[in-house]
Amino acid sequence: MQQTWLLLFAFLGGFLVPGVWRVDGISIYTVSELEAVNGTDVKLKCSFRSSHSVSLETVSVSWNFIPLGRGFEENVLYYYSRPYLPKQGHFKNHVLWSGDVMSQDASITLREVLPTFNGTYICKVLNIPDVHGKDGEVILRVVNKGTL
């Protein structure tokens, strides 16, 4: 009997104690692998589901890149109320915001992809207070156009 009351108190405490927020995990969805022909544009799709309402003031998106083999993680794009495009690095003039956070879409488009774009792209979405969840990852392979 005492254990039942303890469980009930712990369960209700999360809803009744003032100042305690209920934090849920955000779910992020991407394809695992994608191929693109050298020199073409490719859309990296990333969608998310949140248990909290979405607004331009609560959602932030960051896309990062880890090259194949050795290399350091590089920021591709950051979004908070508007996209912040890179002013230097691999992705300067090669990335566009293609998403719509109000539709729970955090996609980007890589323009005129190069072989140096081979690697893993990480989509991270936060919707305060929904900040816990597994990031989306896409492995991009840039291939040369075949001849017939």
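In this text the structure is predicted, and so the values were computed from the model without any measurement. (Residues numbered from 1 in each chain as written. Predicted model: local features only at pLDDT ≥ 70, side-chain atom pairs only at ≥ 80, totals over all residues. Heavy atoms only, no water.)

1. Section: the confidence of the model for the chain
Reasoning step 1: Taken as a whole, the chain shows an average pLDDT of 84; of its residues, 82% reach a score of 70 or greater.
Reasoning step 2: Segment residues 1-23 is flagged for pLDDT under 50; beyond a separation of four residues in sequence, or across chains, it makes eight contacts in the model. (pLDDT = per-residue confidence, 0-100. Contact = heavy atoms within 4.5 Å.)

2. Overview of the packing of aromatic side chains
Reasoning step 1: Enumeration over the complete set of coordinates arrives at six aromatic pairs.
Reasoning step 2: Plain terms: the ring middles of Tyr 78 and Tyr 84 are 6.2 Å apart, the flat faces sit at 40° to each other, and that makes the pair tilted.
Reasoning step 3: Here the aromatic rings of Tyr 79 and Trp 97 are separated by 4.3 Å at their centres, their planes lie at 20°, and the arrangement is stacked. Of this pair, Tyr 79 sits in strand β6 (residues 74-80) while Trp 97 sits in strand β8 (residues 95-97), and the two are 18 residues apart along the sequence. A single burial state applies to Tyr 79 and to Trp 97, both of which are buried.
Reasoning step 4: Among the aromatic residues, those joined into a ring-pair cluster are Phe 65, Phe 91, Phe 117 and Tyr 121. (Phe/Tyr/Trp six-rings, centres within 6.5 Å; stacked < 30°, edge-to-face > 60°. Helix = DSSP H or I, 4+ residues; strand = E, 2+ residues; numbered from the N terminus. Buried < 20%, exposed > 50% of the residue type's maximum accessible area, 1.4 Å probe, protein only.)

3. Things to note about the pattern of salt bridges
Reasoning step 1: All chains considered together, the criterion is met by two salt bridges.
Reasoning step 2: Put simply, Glu 33 and Arg 141 hold a salt bridge, and the shortest N to O gap is 3.2 Å. Here Glu 33, found in strand β2 (residues 33-37), pairs with Arg 141, found in strand β11 (residues 136-143); they are 108 residues apart in sequence, far enough to count as distant.
Reasoning step 3: The class for Glu 33 is partly exposed, based on a relative accessible area of 47%.
Reasoning step 4: Close ionic contact of Lys 124 with Asp 135 constitutes a salt bridge, the shortest N to O distance being 3.5 Å. (Salt bridge = Lys/Arg side-chain N within 4 Å of Asp/Glu carboxyl O.)

4. Quick look at the sheet that holds strand β7 (residues 83-84)
Reasoning step 1: Reading across the sheet, the six strands line up as β2-β11-β10-β5-β6-β7 and stay open at both edges, with mixed pairing between neighbours. Of all the strands in the sheet, just β2 and β7 have a single pairing partner and so form its edges.
Reasoning step 2: Pairing between strand β5 (residues 59-67) and β6: six bridges, direction antiparallel. Residue Asn 64 lies in a different strand from β6, and its bridge partner there is Asn 75. (Pairing = 2+ DSSP bridges.)

5. Some words on the side chain of Ser 50
Reasoning step 1: Considering the arrangement of structural elements, one finds Ser 50 in the loop between β4 (47-49) and β5.
Reasoning step 2: Accessibility expressed as a relative area gives 16% for Ser 50, which makes it buried.
Reasoning step 3: For Ser 50, the side chain forms a polar contact with the main-chain nitrogen of His 52, separated by 3.2 Å.
Reasoning step 4: A polar contact is formed between the side chain of Ser 50 and the side chain of Asn 127, at a distance of 2.9 Å.
Reasoning step 5: Among residues more than four places away in sequence, those in contact with Ser 50 are Ile 26, Gln 104, Asn 127 and Asp 130. (Polar contact = N/O pair within 3.5 Å; in protein donor to acceptor, adjacent residues only side chain to side chain.)

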